[in-house]
Amino acid sequence: KKYNVAILGATGAVGQEFLNLIEERKFPFANLKLLASKRSAGKKIQFMGKEYTVEEATENSFNDVDIALFAGGSISKTLGPAAAKAGAVVIDNSSTFRMDPEVPLIVPEVNPEDISWHKGIIANPNCSTIIMVMALKPLYDVSKIKRVVVSTYQAVSGGGKEAMAELEQQVKDINDGKEVVANILPGAALKKHYQIAFNLIPQIDVFKENLYTKEEMKMIDETKKIMNDQDMRITATTIRVPVYRSHAESVNVEFEDEVSVEKAREVLAKFPGVILRDNPDEQEYPMPLETSGKDDVEVGRIRKDYSIDHGLNFWVCGDQIRKGAALNALQIAEYMMEHDMIKK
Ligand code: 11C
């Protein structure tokens, strides 16, 4: 069976990764429509030996589309419901619908059972959330988790192609002894911008009234929804680091019952989509450079937290554009195809 696929936001970092993955995974598409905002319409994209012209996305773009992959952005708000109404299954990478009780929020290895109650739109979680829950789920299945304390080290790819270009340019300019310009990070629409090269920025997205950033609140709220446990206590600090595309996270977990380091290693090693890289004797642990461009999330530095009764610390790295965005969305579509959940 082949499906008509549309990619909205085809020219951005996530859109481009959708294309890489469709080719790599031999995703069974019949027609492929590349959509973007008016600004990018008309651009030519070479894909699998064919030239595609990017079309401006409108409410009428989705007739005859079976699967609509939305790369993200505020455009989802209007076009998501329009595409669903036209009969497509929308897999949306923006934050628009994630906390909507009518919309499932899915990581296929963690809560595939929630896909069944979708009403046309399925939300793809925030990248740092996806990478963390991939490691939390196999541990949760050993013992209920009481509390999570997470600090993130997030790559510039989370800010899109422009943020990646900004880091590259700043490093060049510093090496050339030129003045450093910052226009994008921590967020293009914010009033102040800071150098990311050789720096860390403790702000991802805007601040909320409670003094947390939106990114921090996404990690808290989305994790509870995906893990289906509103009692889990979570606190997060999210930091932008000068790394290109893999996010890293330091995670402290308090369990209800004892979970040994050996057991944690055993269940993580077995979990699909996770690679255990945890061998201190050989200095083996996950690093963002190693996970960049790869599908699997890597976990290591697993050790007991001696300051509490049933606690573990670990370190997880995962490619933000792959598992954190495009890959996870495509895996949702693949799961639905395997289970014949997509109408043709
Ligand atoms: C970042 N997590 O690293 C963000 C990017 O809600 O999908 C993705 C924002 C989102 O900047």
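In this numbering scheme, every chain counts its residues from 1 along its sequence in written order. This being a predicted model, a pLDDT of at least 70 is required before a residue's local features are given, and a value of 80 or more before pairs of side-chain atoms are given or counted; all residues contribute to the totals for chains, interfaces and linings. Note that water and hydrogens are dropped before the side-chain values are worked out from all heavy atoms of the structure.

Q: Give me the sheet that holds strand β6 (residues 67-70): which residues, what numbers.
A: In a beta sheet, neighbouring strands are held together by backbone hydrogen bonds and run either parallel or antiparallel to one another. At least two DSSP bridges between two strands are required for those strands to pair. Under the scheme used here, helices are H or I runs from DSSP no shorter than 4 residues and strands are E runs no shorter than 2 residues, and both carry numbers assigned from the N terminus. On the basis of which strands lie adjacent, the open sheet formed by 6 strands has the order β5-β2-β1-β6-β7-β8 and parallel pairing. Each edge of the sheet is formed by a strand with only one pairing partner; in this case those strands are β5 (55-56) and β8 (121-123). Alignment of strand β1 (residues 3-8) against strand β2 (residues 29-36), held across 5 bridges, turns out to be parallel. By the bridge assignment, Tyr 3 is partnered in β2 with Phe 29. Should any heavy atoms of two residues lie within 4.5 Å, those residues are considered in contact. For helices, the fitted axis covers only the stretch in contact; all axes are lines through C-alpha atoms, and the angles between them, taken along N-to-C directions, range from 0 to 180 degrees. Its contacts with the sheet put helix α1 (residues 13-24) on β1, β2 and β6, and the angle it makes with β1 is roughly 150 degrees. In the packing of helix α2 (residues 76-85) onto the sheet, contacts are made with β1, β6, β7 (89-92) and β8, and the angle to β6 comes to roughly 170 degrees.

Q: An account of the domain arrangement of the chain is requested, with residue identities and associated values reported.
A: In terms of domain boundaries, the chain breaks down into domain 1 (3-125 + 325-338) and domain 2 (129-320). Residue ranges labeled as domains rest on an automatic or database domain assignment. Distance between the C-alpha centres of domain 1 and domain 2: 25 Å. Between domain 1 and domain 2, the contact holds 23 residues from the first and 19 residues from the second. Buried area counts how much accessible surface, traced with a 1.4 Å probe, disappears from two parts once they are put together, with both parts' losses summed. Taking both partners together, domain 1 and domain 2 bury about 1700 Å²; carbon and sulfur atoms supply 60% of that area. When residues of domain 1 are sorted by the area they lose upon contact with domain 2, Met 99, Glu 109 and Val 110 head the list and together hold 30% of the total. Measuring nitrogen to oxygen at the nearest pair gives 3.0 Å for the salt bridge that ties Glu 222 to Arg 98. Polar contacts, as used here, are pairs of N or O atoms within 3.5 Å; protein pairs need one atom able to donate a hydrogen and one able to accept it. Residues neighboring in sequence count only if both atoms are side-chain atoms. Our enumeration of links across domain 1 and domain 2 arrives at 7 residue pairs in polar contact (both at pLDDT 80 or more). By residue number, the principal contributor to the side of domain 1 that touches domain 2 is α1, which donates 4 residues. For salt bridges, the criterion is a side-chain nitrogen of Lys or Arg within 4 Å of an Asp or Glu carboxyl oxygen.

Q: Account for unusual backbone geometry, naming residues and giving values.
A: Omega for the bond connecting Leu 185 with Pro 186 falls within 30 degrees of zero, at 5 degrees, which places this linkage in the cis form. In this structure, Met 48 takes a positive phi of about 50 degrees despite not being glycine. As for its position among the elements, Met 48 is in the loop between β3 (44-47) and β4 (50-53). With relative accessibility at 45%, the residue Met 48 sits in the partly exposed group. A positive phi angle is found at Gln 283, which is not glycine, with a value near 55 degrees. Its location among the elements puts Gln 283 in the loop between β12 (274-276) and α7 (288-291). The buried label goes to any residue with under 20% of its type's maximum accessible area, the exposed label to any with over 50%, and the partly exposed label to all in between, with areas taken from a 1.4 Å probe on protein chains only.

Q: Just give me the short version of the site of the ligand, but keep the residues and values in it.
A: Taken together, Asn 93, Arg 98, Asn 126, Cys 127, Gln 154, Gly 158, Ile 204, Glu 215, Lys 218, Arg 240 and His 247 make up the full set of residues adjacent to the ligand. A distance of 2.7 Å separates a nitrogen atom of the ligand from a polar atom in the side chain of Asn 126. Separating an oxygen atom of the ligand from a side-chain N or O atom of His 247 is a distance of 3.2 Å. When the free accessible area of the ligand is taken as 310 Å², the share hidden by the protein chains comes to 84%. When residue character is reported, Ala, Val, Leu, Ile, Met, Phe, Trp, Tyr, Cys and Pro are called nonpolar, Asp, Glu, Lys and Arg charged, and the others, Gly included, polar. Taken together, the residues that form the shell around the ligand break down as 2 nonpolar, 5 polar and 4 charged. Put simply, a residue is near a molecule or strand once any heavy atom of it comes within 4 Å of that molecule or strand. Note on areas: Shrake-Rupley with a 1.4 Å probe; residue coverage comes only from the protein chains shown.

Q: Give a description of the pairing of β6 that names residues and reports values.
A: For a regular strand, side-chain orientation follows a simple rule: the groups alternate between the two sheet faces. Of the two faces of β6, the one holding Ile 67 and Leu 69 and the one holding Ala 68 and Phe 70 are both buried throughout. Of the strand pairs in this sheet, β1 and β6 are connected by 4 bridges, and their pairing is parallel. Residue Ala 6 lies in a different strand from β6, and its bridge partner there is Ala 68.

Q: Give me the lowdown on the environment of Asn 111, citing residues and values where you can.
A: Assignment of secondary structure puts Asn 111 in the loop between β7 and β8. Overall, Asn 111 belongs to the buried group, its relative accessible area being 0%. Beyond its immediate chain neighbours, meaning those up to four positions away, Asn 111 contacts Leu 105, Ile 106 and Ile 226. A polar atom in the side chain of Asn 111 sits 2.9 Å from the backbone nitrogen of Val 107. Separated by 3.0 Å, the side chains of Asn 111 and Asp 114 make a polar contact.

Q: Give me the packing of helix α3 (residues 127-140) against helix α5 (residues 214-226): which residues, what numbers.
A: α5 packs onto α3 with a crossing angle of 40 degrees between their chain directions and a minimal axis gap of 9 Å. The orientation of α3 with respect to α5, classified from their angle, is oblique. Seen along the crossing, α3 lies across α5 with a hand that is right-handed. On α5, the residues touching Ser 128, Thr 129, Met 132, Val 133 and Leu 136 of α3 are Glu 215, Lys 218, Met 219, Glu 222, Thr 223 and Ile 226. Of the residues contributing to the contact of α3 with α5, the split by class is 5 nonpolar, 3 polar and 3 charged. In these notes the angle categories are as follows: under 35 degrees is roughly parallel, over 145 is roughly antiparallel, 65 to 115 is roughly perpendicular, and the rest is oblique. Left-handed describes a crossing whose near helix is turned anticlockwise from the far helix through less than a right angle; right-handed describes the clockwise counterpart.

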